[in-house]
Amino acid sequence: MEDLWSNLFWFLAGTVILLIVSLLHVAYLTYAERKIIARMQQRLGPNRVGPRGLLQPIADMLKLLTKEDIIPAQVDRPVFYIAPFISLVCAGTGIALVPLWENFVISNINVGLLFILALSSLSAYGVILSGWASNSRYAFLGGLRASAQVISYEIAMSLALLSVVLMAGSLNLGDIVRAQINSPFKVYLIPQLIGFFVFIVSAVAECNRTPFDLPEAETELVAGYFVEYSGMRFALFYLAEYFGMLVMSALAVTCFLGGWAGPFEVPYVPFFWFVVKVYALLFFYIWIRATLPRYRYDQLMDLGWKVLIPLGLINLFLTALIKLIF
Amino acid sequence: MGLGIELNSLIFGYLAFAMVVSSVLAVLSKNPVHTILLVLVMVVHQAFLLLTLGSEFLMAVQLIVYAGAVLVLFLFVVYLINLRKETKHSFFVKRFCLCSLVFLLFLGFMGVNLYLIYGAKKFEQAVLPFNPLEKDNLWWIAHYLFNYYLLPFEIIGVILLVAVLGAVFLVRKVKTTEEA
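Keep in mind that what you see is a predicted model, and the values were worked out from it rather than measured.

*Asks:* Would you mind going over the interface of chain B and chain A with me for this structure?
*Replies:* Accessible area lost upon the coming together of the parts serves often as the stated size of an interface. On the chain A side, the residues contacting the 15 residues of chain B number 17 residues. In terms of residue count, the dominant contributor to the side of chain B that touches chain A is helix α3 (residues 56–79) of chain B (11 residues). In terms of residue class, the side of chain B that touches chain A is built from 12 nonpolar, 1 polar and 2 charged.

This is the structure:
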């Protein structure tokens, strides 16, 4: 009985700590994004709140929390209320399944990878429902676009991850990392180069980030599916987007870049290599946002269905063939 | 141990209750989008019921296939319906007697079934040809699927492929004589 309670206590403590740490990461990710993009566009970026603007995310959060929560008259209320929460929960829960270091994972289930895929397919609901419930043309079009995009790119992403599963022989994320450490290249990035490419492109599309941010294309749709939201509910969509980036980067690190393993052990900081890799991928996300222009909608669909899915299939086939021969 | 069993039945009770309530509300709701959302609630609870029964794989598949794919497609269809007209229909008024008759018939059928199962105590532990606790759920499914039921599995794959080809055939562009 005491075992149960102490287990429960440690589980809850770990969950709360992980939640706080990832929320802080999400908050400072927005700051990093603004600073890095400013550097790339030869501006200064936020520099007024606190030293070097370091308190900017906190100020933003306070501002959004105290703003009025406007509910337009013609919306479908229950759905309108619940949509941002669906978005955030589906985007954020995935982090609980990722092993941060050797023996630290909040929820170590055997089908971890499948569960993350399930969550990412559920996150389409937040987008579709907010688009529909807002009862606005812009939001509706944004929602339609986003759902079509998320559904198409999910297939390519699953195909890329399936090759990893085939190589590791497990759906447990910890086992996938262990299989990578025991493999000849130490990471799956080298044998799964095509898979990694497919995964990263579809991960950017899944998070609705530039160059695939058509659901929120400002020039056409004002702000896309969350155009009618304000205050805290708007902030929840924002949080969901950045949380999605964080989870996708963590998943990429776990499945392709060798998770917590690094070239040498860093004493007392078991998560050092994991965090370094995640930061590098997050920088990559921000970098391509500053560099690449937005795709046109038909180009986006062409890329998804005619390039990434066939590539993913070929990669899967080759992986299976190589595994069969050796 | 006692607490464990109580907790299990408590969780099962909650899941079953939520599933029944959301299903009934889904049938009663006039707005198709609300119906789909309620079915989603039902499906998610069903997935967690599978999880409590120890089949993690089925839970993930349930979420991916039903919640992630099937219901999203339904939602797409509902998007294209004129909802303002739909919601003004009043249901359950025409042929009310006939509907209640069918309902009573099904209720009676269910009651008879329950009586046969519980009343006659014909309730036995299923005998499995293997010990399910030996390996995880996923391993057993893969083992049986690919060793004993490979042919049916492949046939299902071919049938689905036919369905996909049929869909592509239906939406293809037909060239009229002027264009050609």
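There's more to say after this.
*Asks:* Would you take a moment to explain the nonpolar core for this structure?
*Replies:* Within soluble globular proteins, side chains that are nonpolar generally end up buried alongside one another. With 112 residues, the main nonpolar core has A:L114, A:A118, A:F199, A:F243, A:L246, A:A252 and A:F256 as its most contacted residues. Looking at which element gives the most residues to this core, the answer is helix α9 (residues 231–256) of chain A, with 16 residues.

*Asks:* Whenever I open this one, the packing of α9(A) against helix α10 (residues 272–291) of chain A confuses me. Can you help?
*Replies:* How two helices pack is summed up by the angle between their axes together with the distance between the axes. All names here are of chain A. Two numbers describe how α9 lies on α10: the axes approach to 9 Å, and their chain directions differ by 125 degrees. By the angle between their directions, the pair α9 and α10 is classed as oblique. For the crossing formed where α9 meets α10, the hand is right-handed. Across the interface between the two elements, M245, S249, A250, A252 and V253 from α9 touch F274, K277, V278, L281, L282 and Y285 from α10. By residue class, the composition of the contact of α9 with α10 is 9 nonpolar, 1 polar and 1 charged.

*Asks:* Just to check I follow, could you spell out the packing of helix α5 (residues 137–168) of chain A against helix α7 (residues 193–206) of chain A for this structure?
*Replies:* Residue and element names in this part refer to chain A. With their axes 8 Å apart at the nearest point, α5 and α7 run at an angle of 150 degrees to one another. With respect to each other, α5 and α7 are oriented roughly antiparallel. For the pair α5 and α7, the sense of crossing is left-handed. Here α5 contributes Q149, V150, Y153, E154, A156, M157, L159, A160, L161, S163 and V164 to the contact with α7, which in turn contributes G195, V198, F199, S202, A203, A205 and E206. In the contact of α5 with α7, the residues fall into 12 nonpolar, 4 polar and 2 charged.

*Asks:* Any chance you could explain the confidence of the model for chain B here in plain terms?
*Replies:* Detailed reading of the predicted model is not advised wherever pLDDT is low. Residue and element names in this part refer to chain B. For chain B, mean pLDDT is 80; residues scoring 70 or higher make up 81% of the total. Averaged over each element, pLDDT in chain B is lowest for helix α4 (residues 83–86) (64) and highest for helix α7 (residues 150–171) (91). Confidence metrics for the complex model read pTM 0.83 and ipTM 0.78.

Calculation notes
Residues numbered from 1 in each chain as written. Chains lettered and ligands numbered in written order. Predicted model: local features only at pLDDT ≥ 70, side-chain atom pairs only at ≥ 80, totals over all residues. Contact = placed C-beta atoms within 7 Å. Helix = DSSP H or I, 4+ residues; strand = E, 2+ residues; numbered from the N terminus. Nonpolar A, V, L, I, M, F, W, Y, C, P; charged D, E, K, R; others polar. Core = buried A, V, L, I, M, F, W, Y, C linked by C-beta atoms within 7 Å. Buried ≥ 20, exposed ≤ 12 C-beta atoms within 10 Å, placed from the backbone. Axes fitted to C-alpha atoms, helices over the stretch in contact; angles between N-to-C directions. Parallel < 35°, antiparallel > 145°, perpendicular 65-115°, else oblique. Left-handed = near helix turned anticlockwise from the far one by under 90°. pLDDT = per-residue confidence, 0-100.

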